[in-house]
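An overview of the molecular structure
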Amino acid sequence: MRKAVVGVASGGVVAGAAALFAAAYFARQIVVPASRRVEDLPILRVFRHSNDSLLIELPASPRTTVPGRYSIWFANGAGHACIGKIVATDDGAGTAAVGKVTRLVERVDSGDLLIARAGIWSGYVYPTPDPLGLPYKDVGIPVEDGVAPAWKFPPTEASAGDSGTWAIHVHGLGGKKSGSLRGVPVADRLGYTSLVVSFRNDGEAPASADRRYHLGQSEWRDVDAAVSYALDQGASQIVLFGWSLGGTIALQLTLESEFRDRIVGLVLDAPVIDWKSTLMANARSSMLPGWIAALGLRILESPRLCWIVGLGTALNLRDLDVVARAGGLRLPALVIHSERDRSTPFAVSRRFVDRRPDLATLVTFPSVEHTQEWNVDPEGWDAAVFGWLRNRVASF
């Protein structure tokens, strides 16, 4: 009998340890910056068409067969190409084992695409400001732990608008500041000065002491420093463009920043508005049991347990739930989101807008990947943002 009891107890300890390990692993995946992404997209062929255009042949998938403009990173991140329209498809019938899609290569920014055999499909159409063809300069934003690099775009002569308005563009989790360059052209058309910023632990700005993501809880302070910089440089008012985590950061600024009265509008693309709901949805899609995911979130929120994943400070996911805090919104917000987003639930954006229909507007695009609403319809995205900012923010 004693042996049986000991066996059951030992089994319980092992099961409990395994559950804690799984929960800690889930929590670490959330807050630990990734060192490298895997080049998981095979490049079947790159060739010249008879009209001398460059074409790329890829395996057909829900990602690669969506219309629009995208990019491929290759050669361990050293190569980048902008991928355009679909010119041919093969559904894989007959002897072909896998369907194929052929797309136009709009430009190769770096690397030799002709010899590439695999890459990473991305929405980062502009790896640097240069392909935009707009004047810019590198600037530094003083932040808590040093100086964060940024790009400043003055309004061009062709711009029509108030140059006293600055747009601050904030990228998402695991991204770089180049990910938010997609919003710069429409801001320029409105006559805005654009500031494309970095923030702690994104690999460009100075890292925090714990080198962990805080899901907007601390990152907003680096963007707040960018707002201060813009005001010191003569900005009269600020519009924030936030992508994914950048949306969280933008919303935190409207609630916490001492400069919040100078922020007059938000453009939020696939924003994370409620981290707990978002992370639990990601756990479900990964087939992780809900109770293990909940334990992982408890680790992140516990001052006594957060050290397990290397956090110097526990996260307050309740404060990061802006659906619950929507009553504090005091300025117009345009929320752009795809109903097919598998990373950030569209339903959360819907709930947020439903809470504040007086200030929040929801626009949808048929993208299949997170933060690729612009990519599937660049002209439509620009038109939606341009019209909303001109009509809603200019009169706010």
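What counts, and where the lines are drawn
Residues numbered from 1 in each chain as written. Predicted model: local features only at pLDDT ≥ 70, side-chain atom pairs only at ≥ 80, totals over all residues. Heavy atoms only, no water. Helix = DSSP H or I, 4+ residues; strand = E, 2+ residues; numbered from the N terminus. Rg over C-alpha atoms; globule rule 2.2 N^0.38 Å. Buried < 20%, exposed > 50% of the residue type's maximum accessible area, 1.4 Å probe, protein only. Contact = heavy atoms within 4.5 Å. Areas by Shrake-Rupley, 256 points an atom, 1.4 Å probe, with all protein chains shown as cover. Lys, Arg positive; Asp, Glu negative; His and termini not counted. Charge placed at Lys NZ, Arg CZ, Asp CG, Glu CD. Pairing = 2+ DSSP bridges. pLDDT = per-residue confidence, 0-100. Phe/Tyr/Trp six-rings, centres within 6.5 Å; stacked < 30°, edge-to-face > 60°. Lys NZ or Arg CZ within 6 Å of the ring centre and 35° of its normal. Axes fitted to C-alpha atoms, helices over the stretch in contact; angles between N-to-C directions. Parallel < 35°, antiparallel > 145°, perpendicular 65-115°, else oblique. Core = buried A, V, L, I, M, F, W, Y, C linked by side-chain atoms within 4.5 Å.

1. Side note on the overall build of the protein chain
Helix and strand counts for the protein chain stand at 9 helices and 15 strands. Here the C-alpha radius of gyration of the protein chain, 23 Å, is about what a compact globule of 396 residues would show, namely 21 Å. Out of the 396 residues belonging to the protein chain, those deemed buried represent 54%. Taking as baseline every contact in the protein chain between residues at least 6 positions apart, the subset at least 24 positions apart corresponds to 73%. Surface exposure of the protein chain reaches about 17,600 Å², of which carbon and sulfur atoms provide 53%. Each charge class in the protein chain was averaged separately, 41 positive and 40 negative side chains, and the resulting centres sit 7 Å apart.

2. Some thoughts on the sheet that holds strand S3 (residues 54-59)
Spatial strand order, S1-S7-S4-S5-S6-S3-S2: 7 strands in an open sheet with antiparallel pairing. Unpaired on one side and paired on the other, strand S1 (41-42) and strand S2 (45-48) mark the two borders of the sheet. Where S2 lies against S3, 4 bridges are found, and the strand directions are antiparallel. Note on S3: the bridge partner recorded for Val46 is Ile56.

3. Section: the confidence of the model for the protein chain
On average, the protein chain scores 92 in pLDDT, and the residues at 70 or more come to 92%. A low-confidence stretch, residues 1-13 stays under pLDDT 50, and its non-local contacts, those more than four residues away or across chains, total 0 contacts.

4. Considerations on the packing of aromatic side chains
Applying the stated rule across the entire model yields 5 aromatic pairs. Between Arg182 and the ring centre of Trp243, over which it is positioned, the NZ or CZ distance is 4.3 Å. In this structure, Arg189 is placed above the aromatic ring of Phe386, and the distance from its NZ or CZ to the ring centre is 4.2 Å.

5. Considering the packing of helix H3 (residues 220-232) against helix H4 (residues 245-256)
Each pair of packed helices gets described by two things: the angle between the helix axes and the distance between those axes. For the pair H3 and H4, the least separation of the axes is 9 Å and the interaxial angle reads 70 degrees. Classified by the angle between their axes, H3 and H4 sit roughly perpendicular to one another. When H3 is examined against H4, the residues Trp220, Val223 and Asp224 are found in contact with a partner set consisting of Ile249, Gln252, Leu253 and Glu256.

6. Quick look at the nonpolar core
One recurring pattern in soluble globular proteins: nonpolar side chains tend to sit buried together. Counting residues in hydrophobic clusters, the biggest one holds 72 residues, and the most contacted among them are Ile168, Leu195, Ile238, Leu266 and Phe352. Considering every element that reaches this core, the biggest residue donor is H3, with 8 residues. With near-sequence residues (within four places) excluded, Phe352 lies in contact with Leu251, Ile273, Val322, Val323, Ala326, Leu329, Val335 and Ala360.

7. Some details on the sheet that holds strand S9 (residues 146-153)
With mixed pairing, the 8 strands of this open sheet are ordered in space as S8-S9-S11-S10-S12-S13-S14-S15. Of all strands in the sheet, those bounded by a partner on one side alone are strand S8 (137-143) and strand S15 (360-364). When strand polarity is set aside, the average angle formed by the axes of neighbouring strands in this sheet is 25 degrees. Note: strand S13 (residues 263-269) against strand S14 (residues 333-337), 4 bridges, orientation parallel. Bridge pairing links Leu266 to Ala333 in S14. Those strands touched by H4 are strand S10 (165-170), strand S12 (237-243) and S13, and its axis lies near 160 degrees from that of S13. Where helix H9 (residues 378-393) meets the sheet, it contacts S12, S13, S14 and S15, and its direction lies at approximately 160 degrees from that of S13.

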